[in-house]
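Chain and residue survey
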Amino acid sequence: CLNSIIISLLIRFSPEEVKFLLIDPKRIEMASYAGLPHLVHPVVTEMELAKTSLEWAVFEMEQRYDLMAKVGVRNISAYNEKVKKIGGEHFPYIVVIIDELADLMATFGREVEGYIVRLAQMARALARQARGRWFKSSFRNQTNIFING
């Protein structure tokens, strides 16, 4: 399912329109996406770098919030429309995908949880939609989180 979503976005959007931050601590699931022009960073496979990457994503979104407030818009679509008219650099959408979130949470706990919560909160305002999917391997239970603004 995850690969279908990624491939669908790759086919539909150019690297200028959408960027991916792929976090794959097990180094298997997302290895085939290495080298894509859509990546903001090579596929992240180290736990410490994964935490830093999420911190960067929060910083990037906060920067975008500030710029959108200065221009007087509420989401990326409106911002990109406005900068197209007045001149300026547009924002590509950033898609963050974390494989094995449970491993990341076990290693960094609350610190990573804070980044993920903040990203979900800000993504709701910036892009109007955020999705998360969490699999608990010990129970073979699936929990879906869907935020739609």
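Residues numbered from 1 in each chain as written. Predicted model: local features only at pLDDT ≥ 70, side-chain atom pairs only at ≥ 80, totals over all residues. Heavy atoms only, no water.

Regarding helix 4 (residues 101–108)
Stated precisely, the cut-off is as follows: Each residue gets one of three labels from its accessible area relative to the maximum for its type: buried under 20%, exposed over 50%, partly exposed in between, using a 1.4 Å probe on protein chains only. Secondary structure elements follow DSSP: runs of H or I of four or more residues count as helices, runs of E of two or more count as strands, with numbering from the N terminus. Working definition: the arc comes from the directions between the helix axis and the C-beta atoms, pointing outward to the latter.
Of the positions making up helix 4, those classed as buried are L101, L104, M105 and F108. Each buried residue of helix 4 sits inside an arc of 100° when the element is viewed along its axis, so together they form one side. Looking one or two places after helix 4, you find G109, whose phi comes out positive at around 55°.

Remarks on the packing of aromatic side chains
The cut-off we apply is this: Note on aromatic pairs: the rings of Phe, Tyr and Trp (six-membered ring only in Trp) are paired at centre separations within 6.5 Å, and the planes decide the class, stacked below 30 degrees, edge-to-face beyond 60, tilted for the rest.
With the rule as written, the count across this model stands at one aromatic pair. Between the aromatic rings of Y79 and F91, the centroid separation amounts to 4.1 Å while the plane-to-plane angle is 10°, which identifies the pairing as stacked. With Y79 in helix 3 (residues 76–86) and F91 in the loop between helix 3 and strand 2 (93–98), this pair connects stretches of sequence that are twelve residues apart.

Some words on unusual backbone geometry
Positive phi is not limited to glycine here, since R27 has a value of about 65°. A positive phi angle is found at E100, which is not glycine, with a value near 60°. Looking at the element boundaries, E100 is found in the loop between strand 2 and helix 4. We classify E100 as partly exposed; its relative accessible area is 31%.

Here's the deal with the pattern of salt bridges
Which entries qualify depends on this criterion: Between Lys or Arg on one side and Asp or Glu on the other, a salt bridge is scored when a side-chain nitrogen of the former is within 4 Å of a carboxyl oxygen of the latter.
Inspection of every chain in the model, using the stated rule, returns seven salt bridges. Linking D103 and K26 is a salt bridge whose minimum nitrogen-to-oxygen distance equals 3.7 Å. Highlighted residues: D103 in helix 4 and K26 in the loop between strand 1 (18–23) and helix 2 (47–71), separated in sequence by 77 residues. Between E60 and R64 there is a salt bridge, with its nearest N and O atoms 3.2 Å apart. Residue E60 and its partner R64 are both found in helix 2; the two are separated by four residues, about one turn of the helix. What you see here is one network of salt bridges that share partners, running through E48, K51 and E111.

Regarding the environment of M47
For clarity, the threshold we go by: In this description, contact between two residues means that some pair of their heavy atoms is separated by no more than 4.5 Å.
Tracing the sequence through the fold places M47 in helix 2. When the C-alpha positions of M47 and D24 are compared, they lie 8.9 Å apart, and in sequence the two are 23 residues distant. Beyond its immediate sequence surroundings of up to four residues, M47 is in contact with P25, D103, L104, T107 and F108.

Side note on the side chain of N80
Summarising the element assignment, N80 is placed in helix 3. Among residues more than four places away in sequence, those in contact with N80 are H90 and F91.

Some details on the pairing of strand 1
Which entries qualify depends on this criterion: What makes two strands pair is DSSP finding at least two bridges between them.
Here strand 1 lies mainly inside the structure; five of its six residues are buried. Where strand 1 and strand 2 come together, six bridges link them in parallel fashion. Pairing of I23 across the sheet is with I98, part of strand 2.

Considering the nonpolar core
Where we set the bar: Residues belong to a common nonpolar core when they are buried Ala, Val, Leu, Ile, Met, Phe, Trp, Tyr or Cys residues joined through side-chain atoms within 4.5 Å.
One finds I23, L54, L104, V112 and L119 to be the most contacted residues of the largest nonpolar core, which totals 17 residues. Secondary-structure elements contributing two or more residues to this core are strand 1, helix 2, helix 4 and helix 5 (110–127). V18, L22, M30 and Y33 belong to the second-largest nonpolar core, a separate cluster that totals ten residues.

Let's talk about a nonpolar patch on the surface
Convention followed: Distance thresholds for patches are 9 Å for like charges and 5 Å for nonpolar side chains (Val, Leu, Ile, Met, Phe, Trp, Tyr), applied to residues having over 30% relative accessible area and no salt bridge. Exposure was quantified through the Shrake-Rupley algorithm and a 1.4 Å probe, taking into account, for residues, occlusion by the shown protein chains and nothing else.
A cluster of nonpolar side chains, V40, W56 and F59, forms an exposed patch at the surface whose accessible area comes to about 270 Å². Its place among the elements puts F59 in helix 2. With relative accessibility at 47%, the residue F59 sits in the partly exposed group.

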